[in-house]
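Here is how the chains run, residue by residue.
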Amino acid sequence: MPKKEFLRETDLAALAKRFREQSGKTRAGAGRELGVSHVSIHRAEENPEISLLKLRLRMIEEYSPFKVTGPFYCLKRK
């Protein structure tokens, strides 16, 4: 990932899915860890038009080496 890349909220859905999959977590496992249902994880990953921003941010920060800063959603190394 480039040093600074600005992302739209809809881009975060694909990133959340990618980082969860790379971590080896299932949707059910991620849901248990984050205290939400596996259906919420599915919606956060597959439906960018649904506003699940906080969940997507938590997923990215939990399963990647990045911290998301906003409101422009720039990823920075932790």
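See the structure printed just above.
Residues numbered from 1 in each chain as written. Predicted model: local features only at pLDDT ≥ 70, side-chain atom pairs only at ≥ 80, totals over all residues. Heavy atoms only, no water.

Caption draft 1: Examining the environment of G35 more closely. Looking at the secondary structure, you find G35 in the loop between α2 (27–34) and α3 (38–46). With relative accessibility at 66%, the residue G35 sits in the exposed group. Placed 43 residues apart in sequence, G35 and K78 show a C-alpha to C-alpha distance of 23 Å. (Helix = DSSP H or I, 4+ residues; strand = E, 2+ residues; numbered from the N terminus. Buried < 20%, exposed > 50% of the residue type's maximum accessible area, 1.4 Å probe, protein only.)

Caption draft 2: Helix α1 (residues 9–22), seen in detail. With 14 residues, α1 should cover 20 Å at 1.5 Å per step; its first-to-last C-alpha distance of 21 Å lies within 8% of that length. Regarding α1, the residues found buried are L12, A13, L15, A16, F19 and R20. Lining the buried residues of α1 we find α2, α3, α4 (53–63), β1 (66–69) and β2 (74–77). Positive phi appears at G24, one or two residues downstream of α1, with a value of about 85°. (Expected span 1.5 Å × (residues − 1). Contact = heavy atoms within 4.5 Å.)

Caption draft 3: Representation of the packing of aromatic side chains. On inspection of all chains with the given rule, the structure shows one aromatic pair. Measuring from centroid to centroid gives 5.9 Å for F19 and F66, while their planes differ by 40°, and the two rings are tilted. Residue F19 is found in helix α1, and its partner F66 is found in strand β1; the two are separated by 47 residues along the sequence. There is no split in this pair, since F19 and F66 are both buried. (Phe/Tyr/Trp six-rings, centres within 6.5 Å; stacked < 30°, edge-to-face > 60°.)

Caption draft 4: Representation of the pattern of salt bridges within the structure. Inspection of the entire model under this criterion finds seven salt bridges. Across the salt bridge formed by E45 and R27, the nearest N and O atoms sit 2.9 Å from each other. Placement of E45 in helix α3 and of R27 in helix α2 is noted, with a sequence separation of 18 residues between them. Owing to a relative accessible area of 23%, R27 belongs among the partly exposed residues under this scheme. One salt bridge in this structure joins E46 and R27, with 2.8 Å as the shortest N-O distance. With a gap of 19 residues between them, E46 in helix α3 and R27 in helix α2 connect regions that are remote in the sequence. By relative accessible area, E46 is classed as partly exposed at 32%. One network of salt bridges, with partners in common, ties together K17, R20, E21, R27, E45 and E46. (Salt bridge = Lys/Arg side-chain N within 4 Å of Asp/Glu carboxyl O.)

None of the figures reported here should be taken as evidence of function without further support.
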